[in-house]
Number of protein chains: 2
Amino acid sequence: MRIGELARRGGVPVGTVKYYLREGLLPPGELTSATQARYDERHVERLNLVKALVGVGGLSIAATGDVLRAIEKPPPTVHELLGIACSALGPDAPEADPDALARARALIERWGWGLHPDTPLDQLAAALPAAEMVGVPDLDATLDRYAALMAELARGDIDEVPIDNPAETVRFVVTAMVLLEPLLLAMRRLAQQAASARRFGG
Amino acid sequence: MRIGELARRGGVPVGTVKYYLREGLLPPGELTSATQARYDERHVERLNLVKALVGVGGLSIAATGDVLRAIEKPPPTVHELLGIACSALGPDAPEADPDALARARALIERWGWGLHPDTPLDQLAAALPAAEMVGVPDLDATLDRYAALMAELARGDIDEVPIDNPAETVRFVVTAMVLLEPLLLAMRRLAQQAASARRFGG
């Protein structure tokens, strides 16, 4: 198909397709003349993935490139692969003070998550002082409650990962990390509204 | 205390305090001369809240103002109050097509969340096509699994809300909505890494 048809199939303007081609987010088409190229179904699939990562996932063009490269040429360990997905997801955690970092480390230990020692805990550490400001009656109990639910969620996600084809495994793990997050937040916000309405009246 | 002491207590530069004062995120101090004002503990508390909403919560200055106004002068219904917190949390959902919106409405119905009919479902609707791209074996089952966990999380959050003092109830509900979200995401990302390491090796 020509570039116009590719754009139509992806539901984006031709200019957006050209931009993604220039940025290397889409592989080049097969040249059919000096100024025209032909694209195929793999381009449509890739365009839809880029659109989802940038649009709903909220990733920058640079972060999208990192994620796509990780999918195409996976780093040697799952730890590194997920590290790339997590960095892409950013935003960069605000600087966490050493006390908060030590606290985050102690929590991970208590939850028995057995993380790679290099796993950055800055995001969790930065979220802790903010969580304190809510003034929950027992923050440690709330943290444990959240951790148990997130561990259950992650177990379910990882159980669904297909393992027959390594490339597909990688694509699945990374896209689940990035693309299910907006879903989770949308659901949490709606669930809170439902629970509030139930307790306090509409 | 003077403005310098307030800034020190909040761990921000004096310029930031002045900016928050100008934007109305901090109430003015009590004037002690034409150029000096005195601040008290309520300013420290408010400064820490603004810092958390802007920093970890990632809210814009305008959205922070909306949230603070909702805390100070709550709208008449919990539905409107949470609506303000949700809008502040943005980002604005990408335009959702009518099919996705109908699907979101059907899901909410199936989960029995009994939401106010005006509750915007755009964010959920926009997240659905992106979730489809992950290629989970049975998306409906995954959505139900997420919904059950988010409903449980929300029930726990709402159970913790103090109800003796209406102003405190409002402050709690809104800050829990905004400030526990970064915590949740940080935990989900770490939990996924832990679960992946367990299944696929570190």
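Further up the page is the structure itself.
Just so you know, these numbers come straight off a predicted model, no measurement behind them.

Undergrad: Can you tell me about the relation of the copies chain A and chain B, naming the residues and giving the values?
TA: Aligned on chain B, chain A shows an RMSD of 0.0 Å; the corresponding rotation is 180° and the shift along the axis is 0.0 Å. The two molecules are tied by a two-fold rotation axis, judged by turn and shift. Looking at the rotation axis and the C-alpha trace of chain A, the residue lying nearest is Leu149 of chain A, at 3.3 Å.

Undergrad: Break down the environment of Ala34 of chain B for me, citing the residues and quoting the values.
TA: Here Ala34 of chain B is to be found in the loop between β1 (30-31) and β2 (37-38). Sequence-wise, Ala34 of chain B and Ile84 of chain B are 50 residues apart; in three dimensions their C-alpha atoms are separated by 37 Å.

Undergrad: Describe the interface of chain A and chain B, and please don't skip the residues or the numbers.
TA: Facing 83 residues of chain A, the contacting portion of chain B comprises 84 residues. In total, about 7900 Å² of surface goes out of reach between chain A and chain B, with carbon and sulfur atoms giving 69% of it. For the pair chain A and chain B, the number of links is 10 salt bridges. With a shortest N-O distance of 2.6 Å, Arg189 of chain A and Glu181 of chain B are connected by a salt bridge. Between chain A and chain B we count 30 residue pairs in polar contact (both at pLDDT 80 or more) in total. Looking at the side of chain A that touches chain B, the elements that each hand over two or more residues are α3 (41-54), α5 (78-89), α6 (98-111), α7 (122-134), α8 (139-159), α9 (166-179) and α10 (181-200) of chain A. Here the side of chain A that touches chain B gets 19 residues from one element, more than from any other, and that element is α10 of chain A. Broken down by class, the residue content of the side of chain A that touches chain B amounts to 52 nonpolar, 18 polar and 13 charged.

Undergrad: Can you tell me about α9 of chain A, naming the residues and giving the values?
TA: An α-helical turn contains 3.6 residues, so any two residues separated by three or four positions project in the same direction. Residue and element names in this part refer to chain A. Taking 1.5 Å per residue as the helical rise, α9 with its 14 residues ought to reach 20 Å, and the 20 Å between its terminal C-alpha atoms agrees with that figure. With respect to burial, α9 is a largely interior element, 11 of its 14 residues being buried. Regarding α9, the residues found buried are Thr169, Val170, Arg171, Phe172, Val173, Val174, Thr175, Ala176, Met177, Val178 and Leu179.

Undergrad: Outline helix α3 (residues 41-54) of chain B, listing residues and values.
TA: Spanning 14 residues, α3 of chain B covers 20 Å between terminal C-alpha atoms, matching the ideal 20 Å at 1.5 Å per step. If you follow the buried residues of α3 of chain B, they end up packed against α7 of chain A together with α1 (3-10), α2 (14-22), α4 (61-72) and α9 (166-179) of chain B.

Undergrad: Break down the environment of Ser60 of chain A for me, with residues and values.
TA: Note on placement: Ser60 of chain A falls in the loop between α3 and α4 (61-72). Expressed as a C-alpha distance, the spacing of Ser60 of chain A and Leu89 of chain A, which sit 29 residues apart in the sequence, is 9.0 Å.

Undergrad: Please give an account of the pattern of salt bridges that cites residues and values.
TA: When the charged atoms of two side chains lie near each other, side chains of opposite charge can form a pair. Per the stated rule, a full pass over the model turns up 32 salt bridges over all chains. Between Glu5 of chain A and Arg8 of chain A there is a salt bridge; the shortest N-O distance is 3.3 Å. Here Glu5 of chain A and its partner Arg8 of chain A are both found in helix α1 (residues 3-10), three residues apart, which amounts to about one turn of the helix. Classification of Glu5 of chain A as partly exposed rests on a relative accessible area of 31%. Across the pair Arg110 of chain B and Asp140 of chain B runs a salt bridge, and its minimum N-O distance is 3.7 Å. With Arg110 of chain B in helix α6 (residues 98-111) and Asp140 of chain B in helix α8 (residues 139-159), this pair connects stretches of sequence that are 30 residues apart. Look at Arg110 of chain B and you get partly exposed, because its relative accessible area is 45%. Taking relative accessible area as the criterion, Asp140 of chain B reaches 34% and is therefore assigned partly exposed.

Reading the values: rules and limits
- Residues numbered from 1 in each chain as written.
- Chains lettered and ligands numbered in written order.
- Predicted model: local features only at pLDDT ≥ 70, side-chain atom pairs only at ≥ 80, totals over all residues.
- Heavy atoms only, no water.
- Least-squares fit on C-alpha atoms with pLDDT ≥ 70 in both.
- Helix = DSSP H or I, 4+ residues; strand = E, 2+ residues; numbered from the N terminus.
- Contact = heavy atoms within 4.5 Å.
- Buried area = accessible area lost by both parts, 1.4 Å probe.
- Salt bridge = Lys/Arg side-chain N within 4 Å of Asp/Glu carboxyl O.
- Polar contact = N/O pair within 3.5 Å; in protein donor to acceptor, adjacent residues only side chain to side chain.
- Nonpolar A, V, L, I, M, F, W, Y, C, P; charged D, E, K, R; others polar.
- Expected span 1.5 Å × (residues − 1).
- Buried < 20%, exposed > 50% of the residue type's maximum accessible area, 1.4 Å probe, protein only.

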